[in-house]
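The chain contents come next:
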Amino acid sequence: MDKDGGPDWNGLLKWSLAHGDGTNPPRALSEEDRKWFMEAMQANTIDVVKRMKEITQVMKTPEDVLESQGVTPENIEDMLDELQEHVESIDMANDLHSIGGLDPLLGYLKNSHAGIRSKAAEVVSTIVQNNPKSQQLVMESNGLEPLLSNFKSDPSTNGRTKALGAISSLIRHNQPGISAFRLGNGYAGLKDALGSDDARLQRKALNLIQYLLHNDKTDRSIATELGLPKLMMHLASSDDSLVREAALSGLLELAQDKTSGNSLPDQDKLKDILKTRIEGISIMDKDDLHAAREERQLVDSLWKECYNEPSSLREKGLVVLPGEDAPQQPPPDVAGKMFEPPLRAWAAARPAPKDDSDAGSEKKDAPPLLLGPGPSSNSNS
């Protein structure tokens, strides 16, 4: 331990370097060294399952009882932050249901405090990301219903955005979830989100629309009937570069459908929008051009798809800059990995049978430990 009672990380580092830097032959640890090493390691080790059970017990406790014990909504939010870190492991995410924590977590989606609703949605998003087992468990527990309700009608824009992020994680690669989303009038919620003035909500809605259109071509008729292409054309001129990219990606998905009746409306207006974007790209400096790589490629691909000719960006040499690789076909999918927490993204990238916001809230140095021991043996409960 250091002088403040925490783990002696400097001492541990020096000890590790001294015993493993390759300059000395390996030697047997003395009992004193072994004891010191184990104490240093255990000082910052917690039993995750035990801790999740403690958090589950808190989530099951009635709100008025917690209030009587001095627990605030902010304490609950911090506790959910901690839970989110634990369930980034797929095994821990699946264990949450077996220890009885999934249903009370879903109950928090209906909490009267906007911050708790938002945090609960973030945790749900992490649990179901690239995790078919937990996707099924959440669907069986009717978790999509409160998420849809929050997405469409939460007074907090942040609450709507977090709910949409969780929905996206829940229904990706989950056909029953997609069907339930349609039946729950989810597309109407997406239309409302596109009409909001919040760029984050717009981006998440556009990314999910692009995924749904790519996943099932029959959804393109739904999108057209609801007037989504016109809204997407409007957002292709957004001041937010990521909103523009997502809107262009969705429009390209629609333009590639040559089925009668599903063509993009108002082609003249779309051409004017693309010309404006080409003009804006043409006057960008070098740094901005590199940052707008996906937008450059999407504008060129959409122009070619709609008008059967290369855009003037190609003539100006602005589709592929010197030193860049030529774009693959189809153009970049800007919706692919938007909602992946870091550890789950790493797991999905491994050659395992697993297979795509943004759920990452800021981690607190010392989340309130409402029940039981916390991350450090010296933390106060």
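Residues numbered from 1 in each chain as written. Predicted model: local features only at pLDDT ≥ 70, side-chain atom pairs only at ≥ 80, totals over all residues. Heavy atoms only, no water.

- The name given to the chain in an unreviewed UniProt entry is TOG domain-containing protein, and the organism recorded there is Digitaria exilis.

Details of the overall build of the chain
Part 1 of the reasoning: Secondary structure summary: the chain contains 22 helices and zero strands in total.
Part 2 of the reasoning: Each of the 381 residues in the chain was classed as buried or not, and the buried ones make up 48%.
Part 3 of the reasoning: Element-wise, carbon and sulfur atoms account for 50% of the exposed surface of the chain, whose accessible area totals about 19,100 Å². (Helix = DSSP H or I, 4+ residues; strand = E, 2+ residues; numbered from the N terminus. Buried < 20%, exposed > 50% of the residue type's maximum accessible area, 1.4 Å probe, protein only. Areas by Shrake-Rupley, 256 points an atom, 1.4 Å probe, with all protein chains shown as cover.)

Things to note about the pattern of salt bridges
Part 1 of the reasoning: Inspection of every chain in the model, using the stated rule, returns 15 salt bridges.
Part 2 of the reasoning: In this structure, the salt-bridge partner of Glu122 is Lys162, at a minimum N-O distance of 3.7 Å. Placement of the pair is Glu122 in helix H8 (residues 114-128) and Lys162 in helix H11 (residues 157-171), with a sequence separation of 40 residues.
Part 3 of the reasoning: A single salt-bridge network, built from bridges that share partners, covers Asp81, Lys119, Glu122 and Lys162. (Salt bridge = Lys/Arg side-chain N within 4 Å of Asp/Glu carboxyl O.)

Looking at the packing of aromatic side chains
Part 1 of the reasoning: One pass over the structure, following the stated rule, counts two aromatic pairs.
Part 2 of the reasoning: Between Arg172 and the ring centre of Tyr211, over which it is positioned, the NZ or CZ distance is 4.7 Å.
Part 3 of the reasoning: The ring of Tyr307 is capped by Lys271, whose NZ or CZ atom sits 4.5 Å from the centre of that ring. (Phe/Tyr/Trp six-rings, centres within 6.5 Å; stacked < 30°, edge-to-face > 60°. Lys NZ or Arg CZ within 6 Å of the ring centre and 35° of its normal.)

Looking at the packing of H8 against H11
Part 1 of the reasoning: At a closest axis distance of 8 Å, the pairing of H8 and H11 adopts a crossing angle of 15°. Taken together, the axes of H8 and H11 are roughly parallel relative to one another. Between H8 and H11 the crossing geometry is left-handed. Every residue of H11 that contacts H8 at Ser118, Ala121, Glu122, Val124, Ser125 and Val128 is listed here: Asn158, Gly159, Lys162, Ala163, Gly165, Ala166, Ser169 and Leu170.
Part 2 of the reasoning: Taken together, the residues of the contact of H8 with H11 sort by class into six nonpolar, six polar and two charged. (Axes fitted to C-alpha atoms, helices over the stretch in contact; angles between N-to-C directions. Parallel < 35°, antiparallel > 145°, perpendicular 65-115°, else oblique. Left-handed = near helix turned anticlockwise from the far one by under 90°. Contact = heavy atoms within 4.5 Å. Nonpolar A, V, L, I, M, F, W, Y, C, P; charged D, E, K, R; others polar.)

Considerations on the nonpolar core
Part 1 of the reasoning: Among the nonpolar cores identified, the biggest contains 85 residues, and Leu80, Leu190 and Leu302 are the most heavily contacted of them.
Part 2 of the reasoning: Other than its neighbours up to four places away in sequence, Leu190 contacts Phe151, Leu164, Phe181, Ala205, Leu208, Ile209 and Leu212. (Core = buried A, V, L, I, M, F, W, Y, C linked by side-chain atoms within 4.5 Å.)

Section: helix H17 (residues 241-255)
Part 1 of the reasoning: For H17, with 15 residues, the first-to-last C-alpha span of 21 Å sits near the 21 Å given by 1.5 Å per residue.
Part 2 of the reasoning: Within H17, 13 of the 15 residues are buried, which leaves it mostly tucked inside the rest of the structure.
Part 3 of the reasoning: Regarding H17, its N-cap is Asp240, as a side-chain oxygen of that residue lies 2.9 Å from the backbone nitrogen of Leu242 further along. (Expected span 1.5 Å × (residues − 1). Polar contact = N/O pair within 3.5 Å; in protein donor to acceptor, adjacent residues only side chain to side chain.)

What about the side chain of Asp300?
Part 1 of the reasoning: When you line up the elements, Asp300 lands in helix H20 (residues 293-307).
Part 2 of the reasoning: Residues within four places of Asp300 in sequence aside, it is in contact with Pro310, Ser311, Arg314 and Val319.

Here we look at helix H14 (residues 199-215)
Spacing of three or four residues puts side chains on the same side of an α-helix, whose turn is 3.6 residues.
Part 1 of the reasoning: Helix length check: H14, at 17 residues, gives a terminal C-alpha distance of 24 Å against a target of 24 Å (1.5 Å per residue), a fit within 8%.
Part 2 of the reasoning: For H14, a buried count of 13 out of 17 residues is recorded, marking the element as mostly surrounded by other parts of the structure.
Part 3 of the reasoning: For H14, the N-terminal capping position is held by Asp198, with its side-chain oxygen 3.2 Å away from the main-chain nitrogen of Arg200.

Description of unusual backbone geometry
Part 1 of the reasoning: Here the phi dihedral of Asn185 falls at roughly 60°; this positive angle occurs in a residue that is not glycine.
Part 2 of the reasoning: Along the chain, Asn185 falls in the loop between helix H12 (175-183) and helix H13 (186-194).
Part 3 of the reasoning: On the accessibility criterion, Asn185 (46% relative accessible area) is partly exposed.

Details of the environment of Ser149
Part 1 of the reasoning: Considering the arrangement of structural elements, one finds Ser149 in helix H10 (residues 144-153).
Part 2 of the reasoning: Taking relative accessible area as the criterion, Ser149 reaches 37% and is therefore assigned partly exposed.
Part 3 of the reasoning: Residues Ser149 and Lys110 lie 39 residues apart in sequence; the distance between their C-alpha atoms is 9.2 Å.

Things to note about the confidence of the model for the chain
Part 1 of the reasoning: Averaged over every residue, the pLDDT of the chain is 84; residues scoring 70 or more account for 74%.
Part 2 of the reasoning: With pLDDT under 50 throughout, residues 350-366 is counted as low confidence; its partners more than four residues away or in other chains account for 40 contacts.
Part 3 of the reasoning: Contacts for the low-pLDDT stretch residues 372-381, under 50 throughout, to residues beyond four places or in other chains number 23 contacts. (pLDDT = per-residue confidence, 0-100.)

Let's talk about the environment of Asn158
Part 1 of the reasoning: Within the fold, Asn158 resides in helix H11.
Part 2 of the reasoning: In this structure Asn158 comes out as partly exposed when scored by relative accessible area, which is 30%.
Part 3 of the reasoning: C-alpha separation for the pair Asn158 and Ala114, spaced 44 residues apart in sequence, amounts to 8.4 Å.
Part 4 of the reasoning: Discounting chain neighbours no more than four positions away, the residues touching Asn158 are Ser118 and Arg200.
Part 5 of the reasoning: Reaching out from Asn158, the side chain makes a polar contact with the side chain of Arg200 at a distance of 3.0 Å.

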